[in-house]
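# Working through the structure, step by step
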Amino acid sequence: MASADPRTRTSRDGDPRTRDRRSDVLVALGTAVVALGLLIGLPPLDALEPDGPALALRVPAPFTAAWTVLAIGLLVQSATLLAARRAPRTVLVAVSALPVLFAALAPQSLDLFGLTALPVVVAVVLAALRVPLARLWPTLLVAGALVAAGSAVLSGALGQGVLQAVGAVGLPLLVTLLVRSRREVRAARTAEASAVFREQDALVDAAVSRERAAMARELHDIAAHHLSGIALMAAVIDRQIDSDPERAHEGARQVREQSTAVLDDLRRLVGLLREDVPAERAVETVAGIVDLVERARFRSDVRLDVLAGDHQRGVQALADGVGPLAQLAAYRTVQEALANAALHAPSAPCTVTVDDRDPTRVVIRVENAPAAAPAAPTSPSGGNGLRGMRERADLVGASLQTGPTATGGWLVELALGREAPAAPAQAADGGEVVA
């Protein structure tokens, strides 16, 4: 006959209920074997002493009525342990009460009556491992009283019964509580270690998510700014290649410059991600917006207004007191706003204003007029640009406002707080620089 499927056998053997039943059977069987072994073996061993029986045991002869009652009692006590998992307190009381009945039926078994304490010891251990001490102590008192009563019935001495109750109930209880406390400490340490590992995994996942969001913003900024410009200039070249070849050649050179720029930005981003080569780090600032606007003029009508305050009359740089991360956010916001204006409002004039007059903050506005020509169709999955602006502003604690203007155009306004107050000016008047 073919053997059973090993996967089915493994699944059956791995069932927790099957393991529990097997464990209960082994405990009950082991208790019965030890108890009956002592019942059968102690008298012959005592009789083999060369100088005569050392213990002078007074026990009934094997297989007599009294001996049989004691043997059956030990088997019944051991069999009762099979239910210790389902009802540990009831089993403890039952195992402790049975010896009282045996003492009344077999008073001749005084010297071997102590064997009935072995199942009681096992029942105490099982109950203490599965029931909290606060709920178990009444049952322990009842079990101790029953053990003492059974011993007192045979010996007639209450002190001997109390001593046997302490040995059968008290000592196993102390040992089991010690083992249980060590087990609980070990479980607490394991749970703490698992919690630490889970926390570390959560921190790693959060860090990875932040890095992925940062890389997504950088890739979007690079692609949206350069590639949208390349697409628009390619459309212009297509219209000018026959009517104005010279302007078409100039546009082709601009496409090449934009393509080179996007490749440089992608190489720099890849270098930041790799560990085996040093990465070139370019830090964009508010001052770099001037060059950004100059490059944007090749594909659309862009105007730059720089409003310098009193503190700009000295040697201080533009946006003095604004941190580097906030300046990078400002640069990327203007870059994205110009790309959006060129995509959604082609040929519409656009104004970039850097207001540096307030000594506590810098305000940057990008406003474009309504579209003079229909915009090219966009992907339905758009919106990442505005989302990236919002994330950058929240990251540096800046205030971002976006929305349509009263004339039908679009406005992006970013307000950056200064980390330190701007330096006092040498001159009294402010000024305006128009590019």
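Residues numbered from 1 in each chain as written. Predicted model: local features only at pLDDT ≥ 70, side-chain atom pairs only at ≥ 80, totals over all residues. Heavy atoms only, no water.

Attention now moves to the overall build of the protein chain. Along its length, the protein chain carries eleven helices and six strands. Counting every position in the protein chain, which comprises 435 residues, the buried fraction comes to 36%. Across the protein chain, the fraction of contacts at a sequence separation of at least 24, relative to all contacts at a separation of at least 6, is 73%. Accessible surface, the protein chain as shown: approximately 24900 Å² in total, 61% of it carbon and sulfur. (Helix = DSSP H or I, 4+ residues; strand = E, 2+ residues; numbered from the N terminus. Buried < 20%, exposed > 50% of the residue type's maximum accessible area, 1.4 Å probe, protein only. Contact = heavy atoms within 4.5 Å. Areas by Shrake-Rupley, 256 points an atom, 1.4 Å probe, with all protein chains shown as cover.)

Okay, the packing of helix α3 (residues 65-80) against helix α4 (residues 88-105) next. Between α3 and α4, the shortest axis-to-axis distance is 10 Å and the interhelical angle comes to 175°. Between α3 and α4, the angle falls in the class roughly antiparallel. Along the contact surface, α3 presents V69, G73, L74, V76, Q77 and T80, while α4 presents V91, A94, V95, L98, P99, F102 and L105. Residues that form the contact of α3 with α4 fall into these classes: ten nonpolar, three polar and no charged. (Axes fitted to C-alpha atoms, helices over the stretch in contact; angles between N-to-C directions. Parallel < 35°, antiparallel > 145°, perpendicular 65-115°, else oblique. Nonpolar A, V, L, I, M, F, W, Y, C, P; charged D, E, K, R; others polar.)

Attention shifts here to the pattern of salt bridges. Under the definition given, this model contains ten salt bridges. Of the charged contacts in the structure, one is a salt bridge between R130 and D24, with a shortest N-O distance of 4.0 Å. With R130 in helix α5 (residues 117-130) and D24 in helix α2 (residues 16-47), the pair connects residues that are 106 residues apart, well separated along the chain. With its nearest N and O atoms 2.8 Å apart, the salt bridge here joins E294 to R297. Residue class for E294 comes out partly exposed when judged on its relative accessible area of 37%. (Salt bridge = Lys/Arg side-chain N within 4 Å of Asp/Glu carboxyl O.)

Moving on, we get to the pairing of strand β2 (residues 350-356). Burial analysis of β2 places six of its seven residues in the buried class, the great majority of the element. Both β2 and strand β3 (residues 361-368) contribute to a ladder of six bridges, which runs antiparallel. Its bridge partner being in β3, C350 is matched across the sheet by N368. Counting the residues between successive antiparallel strands, the hairpin from β2 to β3 contains four residues. (Pairing = 2+ DSSP bridges.)

Looking at where G170 falls in the secondary structure, it is placed in helix α7 (residues 158-243). A residue is classified by how much of its surface remains accessible, and G170, at 25% relative accessible area, is partly exposed.

This next bit is on helix α9 (residues 289-296). Of all the residues in α9, the buried ones are I289, L292, V293 and A296. Down the axis of α9, the buried side of the element spans an arc of 95°, and every buried residue falls inside it. (Arc of directions from axis to C-beta.)

Turning our attention to the confidence of the model for the protein chain. Predicted coordinates in areas of low pLDDT are best not read in detail. Per-residue pLDDT for the protein chain averages 77, and the proportion of residues at 70 or more is 73%. Throughout residues 8-12 the model reports pLDDT below 50, and contacts reaching past four residues in sequence, or to other chains, amount to two contacts. Low confidence marks residues 425-435, where pLDDT is under 50. Its contacts with residues over four positions away, or in another chain, come to 25 contacts. (pLDDT = per-residue confidence, 0-100.)

A few words now on the nonpolar core. Counting 31 residues, the largest nonpolar core has L338, V352 and I364 as the members making the most contacts within it. Counting only elements with at least two residues in this core, the list comes to α9, β1 (302-308), α10 (324-344), β2, β3, α11 (384-396) and β5 (410-417). Ranked by residues supplied to this core, first place goes to α10 with seven residues. With residues up to four places along the chain from it excluded, the contact list for I364 reads V286, I289, A330, V334, T353, V354, V412, E413, L414 and L416. (Core = buried A, V, L, I, M, F, W, Y, C linked by side-chain atoms within 4.5 Å.)

The next point concerns empty space enclosed by the protein. Rolled over the atoms, a probe with the dimensions of a water molecule shows which regions are left empty. If you walk through the whole model with that rule in mind, you get two cavities of 30 Å³ or more. Considering only enclosed or pocket space, the largest cavity measures out at about 50 Å³ in volume. Every residue along the wall of the largest cavity is listed here: S300, V302, L338, A341, A342, A345, P346, S347, A348 and C350. Of all the elements, α10 adds the most residues to the lining of the largest cavity, at three residues. (1 Å grid on protein atoms, 1.4 Å probe; cavity = no way out; pocket = protein on both sides within 12 Å on 5 of 7 lines; lining within 4 Å. Points joined across faces, edges and corners; volume = space filled by probe spheres on them.)

A few words now on the side chain of E413. You can see E413 is positioned in strand β5. Engagement of the side chain of E413 in a polar contact is seen with the side chain of R365, the distance being 2.9 Å. Not counting residues within four places of it along the chain, the set of residues in contact with E413 comprises V363, I364, R365, S399, L400 and Q401. (Polar contact = N/O pair within 3.5 Å; in protein donor to acceptor, adjacent residues only side chain to side chain.)

Here the focus is the pairing of β5. Here β3 pairs with β5 via eight bridges, running antiparallel. From the neighbouring strand, V366 faces β5, where its bridge partner is V412. In the sheet, strand β4 (residues 399-404) pairs with β5 via six bridges, with the strands oriented antiparallel. Bridging across to β5, P404 finds its partner in W410.

With 21 residues, α10 should reach 30 Å at 1.5 Å per residue; the first-to-last C-alpha distance of 30 Å fits that figure. Burial analysis of α10 places 16 of its 21 residues in the buried class, the great majority of the element. (Expected span 1.5 Å × (residues − 1).)

So, about the packing of α9 against α10. Remark: α9 packs on α10, axes separated minimally by 10 Å, with the N-to-C direction vectors making an angle of 15°. Relative to α10, the element α9 lies roughly parallel. The two elements α9 and α10 cross, and the hand of that crossing is right-handed. Within the contact between the two elements, α9 uses I289, L292, R295 and A296 and α10 uses A330, Y331, V334, Q335 and L338. Looking at the contact of α9 with α10 residue by residue, the class counts come to seven nonpolar, one polar and one charged. (Left-handed = near helix turned anticlockwise from the far one by under 90°.)

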